[in-house]
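# Geometric and topological summary
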Amino acid sequence: MNAPFQIQFTATAEATYSEFYKEAANCLAAGDERNPKVTLFRSLEEALTKGIPSDPFNQKNALSGSLSNVFRFSRENVRICYLGHERDPRIIVLYICQSRAEESSSYATFTWMVMSGKFDAAFASLGLNPPDRRALTPSPTVN
Amino acid sequence: MSRFAAGTIPRIDPSVEHVGVSRLRKLNSDDLKSMDKTLVLQENDQPLAVLLTYEKFLILQDQLDSLMKTIYVLSSPEESAAFRAGIEDVTNGRTKDFNLIKAELKKK
């Protein structure tokens, strides 16, 4: 990429980033360097300054279909969703969020979503019975 | 309804070839490297397995992961709300340079 890579934030992303920054700064001011809030902010910084710029339009991070210009980058317990296109050396961070659980596979996530009943109406419209929920597992996250 | 309405014409995928299991024994590494079709291996007209290149499998895997991520983003109340808010910000020009945000936070 010839032009310098630019990162812009939406107001939504800026609010979250500022909150994470302030929480980490407060911990550091109190000498609590090992606080998870400091770790979280460092992961976020690392993702924004190294992880994403190194390969911003990796298709592994792209959403599908009409949302293929939207990317969702994961680094440890931070998720960064941004808008971008290969022709433009600029991305716009739509939002930042923190995952609550351990990393899990997409398949496990989908299983959980099916078991949660989100798709019962779709099953019914196809004449299918809803799945057996006795094996319901806790909510996972998508990496 | 027209005879050619959707669903009345069989759909043929020319990139898929149905072959007998014996074809598998004839394949060597060069055949596998240059294979441009997906093979459905069958015995007595019963499909038993699918053979596709490693690259094609990785593409499929990425597509599935993308789909799962999309479903997750759109289904998670927290993420879908943040996604919509982010898109609304972009639409209304509420964006700011990352370096400027960092500089402002350091000043405070």
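In the block above lies the structure referred to throughout.
## Let's talk about the overall build of chain B
What chain B contains, in helices and strands, is five helices and four strands. The N-to-C order of helical and strand elements in chain B reads β-α-α-β-β-α-α-β-α. Expected size for 108 residues packed as a compact globule is a radius of gyration near 13 Å; at 25 Å, chain B overshoots this value by more than 25%. Reported as C-alpha extents along the three principal axes, the dimensions of chain B are approximately 75 × 50 × 20 Å. Considering chain B as a whole, with its 108 residues, one finds that 12% of them fall into the buried category. In chain B, the share of contacts with a sequence separation of at least 24, taken over all contacts with a separation of at least 6, comes to 9%.

## Focus on the sheet that holds strand β4 (residues 88-98) of chain A
The five strands are arranged β2(A)-β3(A)-β4(A)-β1(A)-β4(B) in an open sheet whose pairing can be described as mixed. In this open sheet, the two strands that pair with only one neighbour each are β2 (70-75) of chain A together with β4 (95-97) of chain B. Pairwise comparison of adjacent strand axes, ignoring direction, gives a mean angle of 35° for this sheet. Examined bridge by bridge, strand β3 (residues 78-85) of chain A and β4(A) share eight bridges and lie antiparallel to one another. Across the sheet, the residue bridging to R79(A) is C97(A), located in β4(A).

## A closer look at the nonpolar core
Membership of the largest hydrophobic core comes to 32 residues, with the highest contact counts inside it found for I80(A), C81(A), Y82(A), V93(A), L94(A) and I96(A). At the level of secondary structure, the elements contributing two or more residues to this core comprise β1 (6-10), α1 (11-29), α2 (36-54), β2, β3 and β4 of chain A together with α3 (54-75) and α4 (77-91) of chain B. The dominant element in this core, judged by the number of residues it contributes, is β4(A), at six residues. In this view, C81(A) contacts V70(A), R72(A), L94(A), Y95(A), V73(B), F83(B) and G86(B); residues no more than four positions away in its chain are not counted.

## What about the interface of chain B and chain A?
Of the residues lining the interface, 29 residues belong to chain B; the matching set on chain A comes to 31 residues. Listed by contribution, the elements that provide at least two residues to the side of chain B that touches chain A are α3, α4, β4 and α5 (98-107) of chain B. With 13 residues, α3(B) is the largest single contributor of residues to the side of chain B that touches chain A. Partitioning the side of chain B that touches chain A into residue classes produces 14 nonpolar, six polar and nine charged. For β1(A) and β4(B), the ladder comprises three bridges, and the chain directions are antiparallel. Bridge assignment links F9(A) to a residue of β4(B), and that residue is K96(B).

## Focus on α2(A)
All names here are of chain A. Taking 1.5 Å of rise per residue, 19 residues should cover 27 Å, and α2 covers 25 Å from first to last C-alpha, within 8% of that figure. A47 marks where α2 bends most, by close to 45°. Of the residues making up α2, those classed as buried are F41, L44, L48 and I52.

## Quick look at the pairing of β1(A)
Residues and elements named next belong to chain A. Burial within β1 is extensive, with four of its five residues counted as buried. Where β1 and β4 come together, four bridges link them in parallel fashion. In the sheet register, Q6 faces β4, and the bridge partner there is R90.

## Some details on unusual backbone geometry
Its identity as a non-glycine residue notwithstanding, E76(A) has a phi of 50°, on the positive side. With respect to the helices and strands, the residue E76(A) is situated in the loop between β2 and β3. Phi is positive for D45(B), close to 65°, though the residue is something other than glycine. Along the polypeptide, D45(B) turns up in the loop between β2 (38-43) and β3 (46-51).

Each value, and the rule that gives it
- Residues numbered from 1 in each chain as written.
- Chains lettered and ligands numbered in written order.
- Predicted model: local features only at pLDDT ≥ 70, side-chain atom pairs only at ≥ 80, totals over all residues.
- Helix = DSSP H or I, 4+ residues; strand = E, 2+ residues; numbered from the N terminus.
- Rg over C-alpha atoms; globule rule 2.2 N^0.38 Å.
- Buried ≥ 20, exposed ≤ 12 C-beta atoms within 10 Å, placed from the backbone.
- Contact = placed C-beta atoms within 7 Å.
- Pairing = 2+ DSSP bridges.
- Axes fitted to C-alpha atoms, helices over the stretch in contact; angles between N-to-C directions.
- Core = buried A, V, L, I, M, F, W, Y, C linked by C-beta atoms within 7 Å.
- Nonpolar A, V, L, I, M, F, W, Y, C, P; charged D, E, K, R; others polar.
- Expected span 1.5 Å × (residues − 1).
- Bend = angle between axes of the 7 residues up to and from the residue.

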